[in-house]
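# Analysis of the macromolecular model
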Amino acid sequence: QVQLVESGGGLVQAGGSLRLSCAASGRTSSRYAMGWFRQAPGKERQFVAAISWSGGNIYYVDSVKGRFTISRDNAKNTVDLQMNSLKPDDTAVYFCAADINDLAYGTTASQFHYWGQGTQVTVSS
């Protein structure tokens, strides 16, 4: 089992920045890929970014490319999401997730096995 706890959400004006962090505990010796997803009210959970265990494979949804950066520190069991140039459309609950197959089967939500509780990000216009 892996426990994930997100932090760093909040309220920010459009054009601003936030940095989300996710701390993993439990069975962290395995080589998990990590991802960030988001869910806005009334919408389905959406993939945002993912990073393989080695950091060699990184993926983003098109709408955040050039604005968001995912990174990880395996020694600290953390994964971060730096979000710049935020837009009101980025408003959502952001979830951290772990994939025990290290992205071998893609980046859809169903491929991720462990989830955090989520952190709210609100971008005002």
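What comes next is a walk through the structure. Since we're looking at a predicted model, the values are computed, not measured.

### Quick word on the state of the cysteines
Counted under the stated rule, the structure contains one disulfide. A sulfur-sulfur distance of 2.1 Å marks the disulfide that ties Cys-22 to Cys-96. Note on the Cys-22 and Cys-96 pair: the S-S dihedral is about -80 degrees, so by sign convention the disulfide is left-handed. Remark: Cys-96 occurs in strand S9 (residues 92-99) and Cys-22 occurs in strand S3 (residues 18-26); sequence separation between them is 74 residues. When its relative accessible area of 0% is taken as the criterion, Cys-96 is described as buried.

### Topic: the side chain of Asp-90
Position of Asp-90 among the secondary structure elements: in the loop between strand S8 (78-83) and S9. Of note is the side chain of Asp-90, whose polar atom sits 2.9 Å from the side chain of Arg-38. Reaching out from Asp-90, the side chain makes a polar contact with the backbone nitrogen of Lys-87 at a distance of 2.8 Å. For Asp-90, the contacting residues outside a window of four places in its chain are Arg-38, Arg-67, Phe-68, Ser-85, Val-121 and Val-123.

Reading the values: rules and limits
- Residues numbered from 1 in each chain as written.
- Predicted model: local features only at pLDDT ≥ 70, side-chain atom pairs only at ≥ 80, totals over all residues.
- Heavy atoms only, no water.
- Disulfide = S-S within 2.5 Å.
- Helix = DSSP H or I, 4+ residues; strand = E, 2+ residues; numbered from the N terminus.
- Buried < 20%, exposed > 50% of the residue type's maximum accessible area, 1.4 Å probe, protein only.
- Polar contact = N/O pair within 3.5 Å; in protein donor to acceptor, adjacent residues only side chain to side chain.
- Contact = heavy atoms within 4.5 Å.

Don't take any of this as a statement about function, it's just geometry.
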